[in-house]
There are 2 protein chains.
Amino acid sequence: MPKLRLHTFAMSLDGYGAGVDQDLEHPLGIGGRLLHEWAFETATFGGSGTGIDDDFAARGEVDIGATIMGRNMFGPIRGEWGDDRWRGWWGDNPPYHHDVFVLTHFPHEPIEMDGGTTFHFTDHDIETVLKRAFDAAGGLDVRLGGGVSTVRQYWRAGLIDEAHIPIVPVLLGRGERVFDDLGDALDDYEVAEVVSSPAVTHVRIVKRG
Amino acid sequence: MPKLRLHTFAMSLDGYGAGVDQDLEHPLGIGGRLLHEWAFETATFGGSGTGIDDDFAARGEVDIGATIMGRNMFGPIRGEWGDDRWRGWWGDNPPYHHDVFVLTHFPHEPIEMDGGTTFHFTDHDIETVLKRAFDAAGGLDVRLGGGVSTVRQYWRAGLIDEAHIPIVPVLLGRGERVFDDLGDALDDYEVAEVVSSPAVTHVRIVKRG
């Protein structure tokens, strides 16, 4: 069975998955970049680092046929799309190379990018979007991209099959919490793996079979 | 300068420092025991284990001259003390061997135990209690015992000098959060050390100098 997988979704020691006040200059929110500096060092994310951190980062690229993300991860624009020139944070050839489903209440035509990535915009419920993504993935897994509120929605519904959460040794003090407002959903999950590098502690959480 | 130190204050992956529904059968709250099983394996806490976990646990015993704790850590009784026979969870000879200050709004005579431990009950504000504890410690440090709400009060006031938080790879899903309702207090703290054993990830947080 294809899975819904979350990868390299970094969390601060005090539980935040993103900073506050995301905007064009701070795509990860203020403070949020601290969560990802280790990742930018890895070969997978454009650096040169190999080893534990890169191994975990690279797993997120394997056997993925479609991606789901919240609109805040697609861009800083809120409300209506306006002049409609925004095409994501990633340039002309985004690193997806498959169908990406962006959750939004505001309609938008699909955007076909170079390299096989097409952004689809949908206001369907999260289960329907997941079905569309599984169809698009053609038997491969679906990756859940983020941000925090999208992750929490899928987690609360018990739809995430496995999650890789790197715990980063910083204290943000404010932001969006990963493990919040999940009801009893976590009762169905367990920690399957914990591996520390000098930079972060990688935790893999899986849904009980 | 003597310090206020927090040691072996375990937290779940999802940020909880204690479970819910603490009572006589569940002194750590339901689920809370999962946070401490690794510690009970260490020589310091009555097991036989040595190594990283025991090293960190043992640090909490060094140069401590007094302890502060909330009343929930002293016992399961809420409200008035009632028949007054409760003398703590630890038997006739508690492992403190110094003055222990228990925060409570309900008056209670001091309880002198075997081995040099005396429990003092106080409804003073937390700063005043800390001064009394420093006086009682006679130049040694003061240990903050817990539980979560006591820790948060001292943290919010910026009075904790260093904290050892073992992150335990379990998901509790509910309970009392360690890093919650701290205002901007965490801005003054930084992560000084992260060391993982096979069981837990030990994090040491210090107040910036």
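This one's a predicted model, so the numbers in the text were calculated from it and none came from an experiment. Chains are numbered independently. Their residues run from 1 in the order of the written sequence. For this description, chains carry letters from A and ligands carry numbers from 1, given in the order in which they are written. Whole-chain, interface and lining totals are the exception, using all residues; otherwise, since this is a predicted model, local features are given only for residues with pLDDT of at least 70 and side-chain atom pairs are given and counted only at 80 or more.

Description of the overall build of chain A
Where helices and strands are cited, they refer to DSSP runs of H or I of at least four residues and of E of at least two residues respectively, numbered from the N terminus. Per the secondary structure count, chain A includes five helices and twelve strands. We compute the radius of gyration from the C-alpha atoms alone; for a globule the expected value is 2.2 Å times N to the 0.38, where N is the number of residues. Against the compact-globule benchmark of 17 Å for 209 residues, chain A has a radius of gyration of 16 Å, which places it among compact chains. Residues classed as buried in chain A amount to 44% of the 209 residues present. Whether two residues are in contact depends on their C-beta atoms, placed from the backbone: they are in contact if these lie within 7 Å. Sequence separation of at least 24 residues holds for 66% of the intrachain contacts in chain A that already meet a minimum separation of 6. Each residue is classed by its C-beta neighbour count within 10 Å, where at least 20 other C-beta atoms makes it buried, 12 or fewer makes it exposed, and intermediate counts make it partly exposed; the C-beta atoms are placed from backbone geometry.

Thoughts on the interface of chain B and chain A
Each partner contributes residues to the interface: chain B has 18 residues there, and chain A has 19 residues. For the side of chain B that touches chain A, the secondary structure elements donating two or more residues are strand S11 (189-196) and strand S12 (201-207) of chain B. When residues of the side of chain B that touches chain A are assigned to their parent elements, the largest contribution, four residues, is made by S11 of chain B. Residues are sorted three ways: Asp, Glu, Lys and Arg are charged, Ala, Val, Leu, Ile, Met, Phe, Trp, Tyr, Cys and Pro are nonpolar, and all the rest, Gly among them, are polar. Each residue belonging to the side of chain B that touches chain A can be placed in one class, and the counts come to eleven nonpolar, four polar and three charged.

So, the relation of the copies chain B and chain A
Laying chain B over chain A is done by rotating through 180° and shifting 0.0 Å along the axis; what remains is an RMSD of 0.0 Å. What the superposition gives is, in effect, a two-fold axis relating one chain to the other. Counting the interface residues of chain B, we find that 100% of their copies in chain A are interface residues as well, pointing to one common contact surface. All copies are superposed by least squares; the fitting set is the C-alpha atoms of residues with a pLDDT of at least 70 in both.

Some details on helix H5 (residues 148-156) of chain B
Within H5 of chain B, the full set of buried residues consists of Val148, Thr150, Val151, Arg152, Tyr154 and Trp155 of chain B. Trailing H5 of chain B by a residue or two, Gly158 of chain B shows a phi angle of about 70°, which is positive.

Regarding the pairing of strand S4 (residues 64-70) of chain B
Residue and element names in this part refer to chain B. In terms of burial, S4 is largely enclosed, as five of its seven residues are buried. Paired strands are those between which DSSP finds at least two bridges. Bridge analysis of S4 against strand S8 (residues 141-146) gives five bridges, and the strand direction is parallel. From the neighbouring strand, Thr67 faces S8, where its bridge partner is Arg143.

Focus: unusual backbone geometry
In this structure, the amide linkage connecting Gly146 of chain A to the following residue, Gly147 of chain A, adopts the cis form with an omega of 0°. Mapped onto the secondary structure, Gly147 of chain A falls in the loop between strand S8 (141-146) and helix H5 (148-156). With a phi close to 60°, Asp63 of chain A is a non-glycine residue in the positive phi region. Examined against the element boundaries, Asp63 of chain A turns out to sit in the loop between helix H2 (52-59) and strand S4 (64-70). Although it is not a glycine, Thr8 of chain B sits at a positive phi angle of roughly 50°. Looking at where Thr8 of chain B falls in the secondary structure, it is placed in the loop between strand S1 (4-6) and strand S2 (11-12). Overall, Thr8 of chain B belongs to the buried group, with 25 C-beta atoms counted inside 10 Å.

A closer look at the confidence of the model for chain A
Averaged over every residue, the pLDDT of chain A is 93; residues scoring 70 or more account for 100%. Both scores are given for the predicted complex: the pTM is 0.91, the ipTM 0.87. Every residue is assigned a pLDDT by the predictor, reflecting its confidence on a scale from 0 to 100.

Section: helix H4 (residues 126-137) of chain B
Residue and element names in this part refer to chain B. Between its terminal C-alpha atoms H4 stretches 16 Å, which fits the 16 Å expected from twelve residues at 1.5 Å a residue. Every buried residue of H4 is accounted for by Val129, Leu130, Ala133 and Ala137. Angular distribution of buried residues about the axis of H4 spans 100°; they occupy a single face of the element. H4 presents Glu127 and Thr128 as exposed residues on the side facing more than 90 degrees away from its buried surface. Where H4 is buried, its residues meet S1, S4, strand S5 (99-103), strand S7 (118-122) and S8. Two residues or fewer past H4, Gly138 is found with a positive phi of approximately 55°. The span expected for a helix works out to 1.5 Å for each residue beyond the first. Note that the arc is computed from the directions linking the helix axis to the C-beta atoms.

Observations concerning the pairing of strand S9 (residues 162-168) of chain B
Residues and elements named next belong to chain B. Extensive coverage of S9 is indicated by the burial of six of its seven residues. Alignment of S1 against S9, held across two bridges, turns out to be parallel. Residue pairing in the sheet places Leu6 in a bridge with Ala163 of S9. Here S2 pairs with S9 via two bridges, running parallel. Residue Ser12 lies in a different strand from S9, and its bridge partner there is Val168. Relative to S12, S9 runs antiparallel, the two sharing six bridges. Opposite Ala163, over in S12, you have Ile205 as the bridge partner.

Some details on the environment of Asn72 of chain A
All names here are of chain A. Following the sequence through the fold, Asn72 ends up in helix H3 (residues 71-74). A residue is classified by how many C-beta atoms lie within 10 Å of it, and Asn72, with 22 of them, is buried. Through-space distance from the C-alpha of Asn72 to that of Thr104 is 9.0 Å; in sequence the pair is 32 residues apart. Every residue in contact with Asn72, bar those within four places of it in the chain, is listed here: Gln22 and Gly147.

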